[in-house]
Amino acid sequence: HYIAMQQERLLKVLVIGDLGVGKTSIIKRYVHQIFSQHYRATIGVDFALKVLNWDQQTVVRLQLWDIAGQERYGNMTRVYYREAVGALVVFDMTRFSTFQAVLKWKGDLDAKVALCNGRPVPVVLLGNKCDQQRYGLCSKLPKLDTFSREQGFVGWYETSAKDDTNIEAAITCLVENIMSSS
Ligand code: GDP
Ligand code: MG
(Lines give C-alpha, C1' and ligand atoms only; values in the text may rest on other atoms or scores of the structure.)
(Ligands and ions follow the chains in the order given, each with its own letter.)
Protein backbone atom coordinates (compact mmCIF):
# COMPACT_ATOMS: atom_id res chain seq x y z
CA HIS A 1 0.00 0.00 0.00
CA TYR A 2 0.86 3.62 -0.49
CA ILE A 3 0.16 6.06 2.31
CA ALA A 4 0.34 9.68 1.20
CA MET A 5 2.68 11.35 3.63
CA GLN A 6 2.50 15.04 4.23
CA GLN A 7 5.59 16.71 5.51
CA GLU A 8 5.46 19.86 7.53
CA ARG A 9 8.18 22.49 7.38
CA LEU A 10 8.55 25.19 10.00
CA LEU A 11 10.31 28.23 8.53
CA LYS A 12 11.55 31.07 10.69
CA VAL A 13 11.76 34.22 8.59
CA LEU A 14 12.97 37.59 9.87
CA VAL A 15 11.61 40.95 8.81
CA ILE A 16 14.30 43.58 9.37
CA GLY A 17 15.01 47.17 8.44
CA ASP A 18 14.92 50.63 9.99
CA LEU A 19 12.17 51.94 12.21
CA GLY A 20 9.05 53.05 10.36
CA VAL A 21 9.75 51.39 7.00
CA GLY A 22 6.60 49.28 7.31
CA LYS A 23 7.76 45.92 8.66
CA THR A 24 4.80 45.45 10.99
CA SER A 25 2.37 46.66 8.32
CA ILE A 26 3.79 44.16 5.80
CA ILE A 27 3.41 41.28 8.23
CA LYS A 28 -0.12 42.31 9.16
CA ARG A 29 -1.06 42.71 5.52
CA TYR A 30 0.27 39.28 4.63
CA VAL A 31 -1.02 37.34 7.57
CA HIS A 32 -4.36 39.18 7.99
CA GLN A 33 -6.16 38.10 11.09
CA ILE A 34 -3.72 35.40 12.14
CA PHE A 35 -1.49 37.90 13.86
CA SER A 36 -0.72 37.03 17.48
CA GLN A 37 0.37 39.49 20.10
CA HIS A 38 0.73 36.72 22.57
CA TYR A 39 4.52 36.46 22.43
CA ARG A 40 5.31 40.14 22.70
CA ALA A 41 5.90 40.24 26.43
CA THR A 42 7.79 36.98 26.67
CA ILE A 43 10.30 37.13 23.82
CA GLY A 44 10.30 40.81 22.99
CA VAL A 45 9.46 40.36 19.35
CA ASP A 46 6.15 40.11 17.58
CA PHE A 47 5.58 36.89 15.86
CA ALA A 48 3.00 35.90 13.26
CA LEU A 49 2.24 32.58 11.67
CA LYS A 50 0.87 31.75 8.24
CA VAL A 51 0.19 28.20 7.15
CA LEU A 52 0.71 27.55 3.43
CA ASN A 53 -0.33 24.48 1.50
CA TRP A 54 2.91 24.60 -0.41
CA ASP A 55 2.47 21.55 -2.60
CA GLN A 56 0.70 18.20 -2.39
CA GLN A 57 3.28 16.81 0.00
CA THR A 58 4.22 19.88 1.96
CA VAL A 59 2.61 22.16 4.46
CA VAL A 60 4.73 25.21 5.30
CA ARG A 61 4.32 26.87 8.66
CA LEU A 62 5.78 30.29 8.03
CA GLN A 63 6.83 32.21 11.12
CA LEU A 64 7.37 35.90 10.44
CA TRP A 65 9.44 37.58 13.15
CA ASP A 66 8.90 41.26 13.66
CA ILE A 67 11.25 43.33 15.82
CA ALA A 68 8.91 45.58 17.73
CA GLY A 69 10.97 48.65 18.48
CA GLN A 70 14.43 47.13 18.88
CA GLU A 71 15.38 48.18 15.34
CA ARG A 72 16.32 51.62 16.68
CA TYR A 73 19.59 50.04 17.89
CA GLY A 74 20.46 48.97 14.35
CA ASN A 75 21.22 45.36 15.10
CA MET A 76 19.67 42.41 16.83
CA THR A 77 20.82 39.77 19.25
CA ARG A 78 21.95 36.35 18.14
CA VAL A 79 18.91 34.87 19.87
CA TYR A 80 16.66 36.72 17.47
CA TYR A 81 18.57 35.43 14.44
CA ARG A 82 18.94 31.86 15.67
CA GLU A 83 17.61 29.21 13.28
CA ALA A 84 16.28 31.75 10.81
CA VAL A 85 16.17 30.33 7.28
CA GLY A 86 15.42 33.53 5.40
CA ALA A 87 14.74 37.24 5.73
CA LEU A 88 13.04 40.24 4.23
CA VAL A 89 15.11 43.42 4.41
CA VAL A 90 12.77 46.38 4.11
CA PHE A 91 13.45 50.03 3.30
CA ASP A 92 11.10 52.97 2.79
CA MET A 93 11.11 54.25 -0.80
CA THR A 94 10.46 57.78 0.44
CA ARG A 95 13.46 57.91 2.83
CA PHE A 96 16.93 57.44 1.39
CA SER A 97 18.54 56.91 4.80
CA THR A 98 16.53 53.70 5.18
CA PHE A 99 17.99 52.45 1.89
CA GLN A 100 21.49 53.32 3.10
CA ALA A 101 20.82 51.11 6.12
CA VAL A 102 19.96 48.08 3.99
CA LEU A 103 23.53 46.77 3.76
CA LYS A 104 24.05 47.22 7.49
CA TRP A 105 21.00 45.02 8.12
CA LYS A 106 22.15 42.43 5.57
CA GLY A 107 25.63 42.46 7.11
CA ASP A 108 24.29 42.00 10.62
CA LEU A 109 22.17 39.10 9.41
CA ASP A 110 25.01 37.36 7.55
CA ALA A 111 27.31 37.80 10.55
CA LYS A 112 24.88 36.11 12.90
CA VAL A 113 23.15 33.35 10.98
CA ALA A 114 23.88 30.98 8.11
CA LEU A 115 22.44 27.81 6.64
CA CYS A 116 23.76 24.42 7.83
CA ASN A 117 26.02 24.28 4.78
CA GLY A 118 27.53 27.64 5.72
CA ARG A 119 25.89 29.59 2.91
CA PRO A 120 24.04 32.83 3.72
CA VAL A 121 20.28 32.55 4.23
CA PRO A 122 18.14 33.76 1.30
CA VAL A 123 17.12 37.41 1.58
CA VAL A 124 14.64 39.42 -0.47
CA LEU A 125 14.89 43.23 -0.60
CA LEU A 126 11.65 45.23 -0.29
CA GLY A 127 11.29 48.89 -1.23
CA ASN A 128 8.08 49.60 0.65
CA LYS A 129 5.57 52.50 0.37
CA CYS A 130 5.77 52.44 -3.42
CA ASP A 131 2.29 53.96 -3.35
CA GLN A 132 3.83 57.26 -2.23
CA GLN A 133 5.68 60.16 -3.84
CA ARG A 134 9.40 59.45 -3.87
CA TYR A 135 10.69 63.02 -3.77
CA GLY A 136 13.54 62.44 -6.20
CA LEU A 137 14.70 59.33 -4.42
CA CYS A 138 14.64 57.32 -7.64
CA SER A 139 17.52 59.34 -9.03
CA LYS A 140 19.62 58.51 -5.96
CA LEU A 141 18.80 54.82 -5.90
CA PRO A 142 21.16 52.54 -7.76
CA LYS A 143 19.66 50.14 -10.28
CA LEU A 144 18.10 47.70 -7.88
CA ASP A 145 18.48 44.75 -10.25
CA THR A 146 22.24 45.19 -10.24
CA PHE A 147 22.47 46.26 -6.62
CA SER A 148 20.48 43.34 -5.27
CA ARG A 149 22.37 40.79 -7.37
CA GLU A 150 25.77 42.20 -6.39
CA GLN A 151 24.84 42.34 -2.72
CA GLY A 152 23.57 38.78 -2.64
CA PHE A 153 19.82 39.29 -2.41
CA VAL A 154 17.76 36.59 -4.14
CA GLY A 155 15.33 39.22 -5.44
CA TRP A 156 13.81 42.63 -4.88
CA TYR A 157 10.33 44.12 -5.05
CA GLU A 158 8.66 47.48 -4.81
CA THR A 159 5.89 46.90 -2.30
CA SER A 160 3.01 48.66 -0.65
CA ALA A 161 1.52 47.27 2.51
CA LYS A 162 -1.11 49.97 2.16
CA ASP A 163 -2.28 48.99 -1.34
CA ASP A 164 -1.29 45.33 -1.10
CA THR A 165 1.25 45.54 -3.91
CA ASN A 166 3.78 42.70 -4.30
CA ILE A 167 3.66 41.63 -0.65
CA GLU A 168 2.52 38.13 -1.50
CA ALA A 169 4.87 37.94 -4.50
CA ALA A 170 7.89 38.96 -2.42
CA ILE A 171 7.21 36.48 0.35
CA THR A 172 6.45 33.69 -2.13
CA CYS A 173 9.78 34.40 -3.85
CA LEU A 174 11.55 34.10 -0.51
CA VAL A 175 9.81 30.85 0.45
CA GLU A 176 10.61 29.33 -2.97
CA ASN A 177 14.26 30.14 -2.41
CA ILE A 178 14.22 28.74 1.11
CA MET A 179 12.52 25.54 -0.02
CA SER A 180 15.06 24.99 -2.78
CA SER A 181 18.10 25.92 -0.67
CA SER A 182 17.47 23.69 2.34
P1 GDP B 1 7.87 49.42 11.24
O2 GDP B 1 8.42 50.34 12.28
O3 GDP B 1 8.92 49.06 10.22
O4 GDP B 1 7.19 48.22 11.81
O5 GDP B 1 6.79 50.27 10.42
P6 GDP B 1 5.19 50.27 10.58
O7 GDP B 1 4.59 49.05 9.95
O8 GDP B 1 4.83 50.57 11.98
O9 GDP B 1 4.81 51.50 9.63
C10 GDP B 1 5.30 52.80 9.88
C11 GDP B 1 4.35 53.81 9.25
O12 GDP B 1 4.36 53.67 7.84
C13 GDP B 1 2.90 53.63 9.69
O14 GDP B 1 2.30 54.91 9.82
C15 GDP B 1 2.28 52.88 8.52
O16 GDP B 1 0.91 53.12 8.41
C17 GDP B 1 3.05 53.42 7.34
N18 GDP B 1 3.15 52.46 6.23
C19 GDP B 1 3.57 51.18 6.29
N20 GDP B 1 3.56 50.61 5.08
C21 GDP B 1 3.11 51.55 4.22
C22 GDP B 1 2.88 51.57 2.79
O23 GDP B 1 3.07 50.60 2.06
N24 GDP B 1 2.44 52.75 2.27
C25 GDP B 1 2.21 53.85 3.04
N26 GDP B 1 1.78 54.94 2.41
N27 GDP B 1 2.42 53.86 4.36
C28 GDP B 1 2.86 52.73 4.94
MG1 MG C 1 7.07 47.62 13.79
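Residues numbered from 1 in each chain as written. Chains lettered and ligands numbered in written order. Predicted model: local features only at pLDDT ≥ 70, side-chain atom pairs only at ≥ 80, totals over all residues. Heavy atoms only, no water.

Going by this rule: UniProt positions are given in the numbering used here, feature names are shortened, and annotations may be inferred rather than shown by experiment.
Under an unreviewed UniProt entry, the name given to the chain is Ras-related protein Rab, and the organism recorded is Clupea harengus. Taken directly from UniProt, the Sequence similarities (unreviewed entry) text for the chain runs: "Belongs to the small GTPase superfamily. Rab family." Taken directly from UniProt, the Function (unreviewed entry) text for the chain runs: "The small GTPases Rab are key regulators in vesicle trafficking."

## Brief notes about the environment of Asn117
Here is the rule we go by: Going along the chain from the N terminus, every DSSP run of H or I of four or more residues is numbered as a helix, and every run of E of two or more is numbered as a strand. Distance and chemistry together define a polar contact, namely a pair of N or O atoms within 3.5 Å, with one atom able to donate a hydrogen and the other to accept it when in protein, and with adjacent residues in sequence counting only for side-chain atoms on both sides.
You can see Asn117 is positioned in the loop between helix H5 (102–112) and strand E6 (123–128). Asn117 sits 15 residues away from Gln132 along the chain, and the two C-alpha atoms are 40 Å apart. At 2.9 Å, the side chain of Asn117 forms a polar contact with the backbone nitrogen of Arg119.

## Topic: the side chain of Gln63
We apply this condition: Categorising residues by exposure relies on relative accessible area from a 1.4 Å probe, with only protein chains included: less than 20% of the type maximum marks a residue as buried, more than 50% marks it as exposed, and the intermediate range marks it as partly exposed. Residues are treated as being in contact if the distance between any of their heavy atoms lies within 4.5 Å.
Tracing the chain through its elements places Gln63 in strand E4 (residues 58–65). With a relative accessible area of 12%, Gln63 lands in the buried category. For Gln63, the side chain forms a polar contact with the side chain of Trp65, separated by 3.0 Å. Each residue touching Gln63, except ones within four places of it in the same chain, is listed here: Leu10, Leu11, Lys12, Val13, Phe47, Ala48 and Leu49.

## Side note on the site of ligand 1
For clarity, the cut-off: When we say a residue is near a molecule or strand, we mean one of its heavy atoms is within 4 Å of it. Each residue gets one label: Ala, Val, Leu, Ile, Met, Phe, Trp, Tyr, Cys and Pro are nonpolar, Asp, Glu, Lys and Arg are charged, and the others, such as Gly, are polar.
As a matter of local geometry, ligand 1 sits amid 16 residues, with Gly20, Lys23, Ser25, Asp131 and Ala161 nearest to it. Measuring from an oxygen atom of ligand 1, one finds a side-chain N or O atom of Ser25 at 2.6 Å. In this structure, Asn128 approaches ligand 1 through a side-chain N or O atom, which is 3.2 Å from a nitrogen atom. The element contributing the most residues to the shell around ligand 1 is helix H1 (residues 23–31), with 3 residues. Among the residues making up the shell around ligand 1, the classes are represented as 3 nonpolar, 7 polar and 6 charged.

## Here's the deal with the environment of Asn177
As for its placement among the helices and strands, Asn177 is situated in helix H8 (residues 167–181). The class for Asn177 is partly exposed, based on a relative accessible area of 24%. Note: C-alpha distance between Asn177 and Tyr81 (96 residues apart in sequence) is 18 Å. Sequence-distant contacts of Asn177, that is, excluding residues within four places in its chain, are made with Pro122 and Val154.

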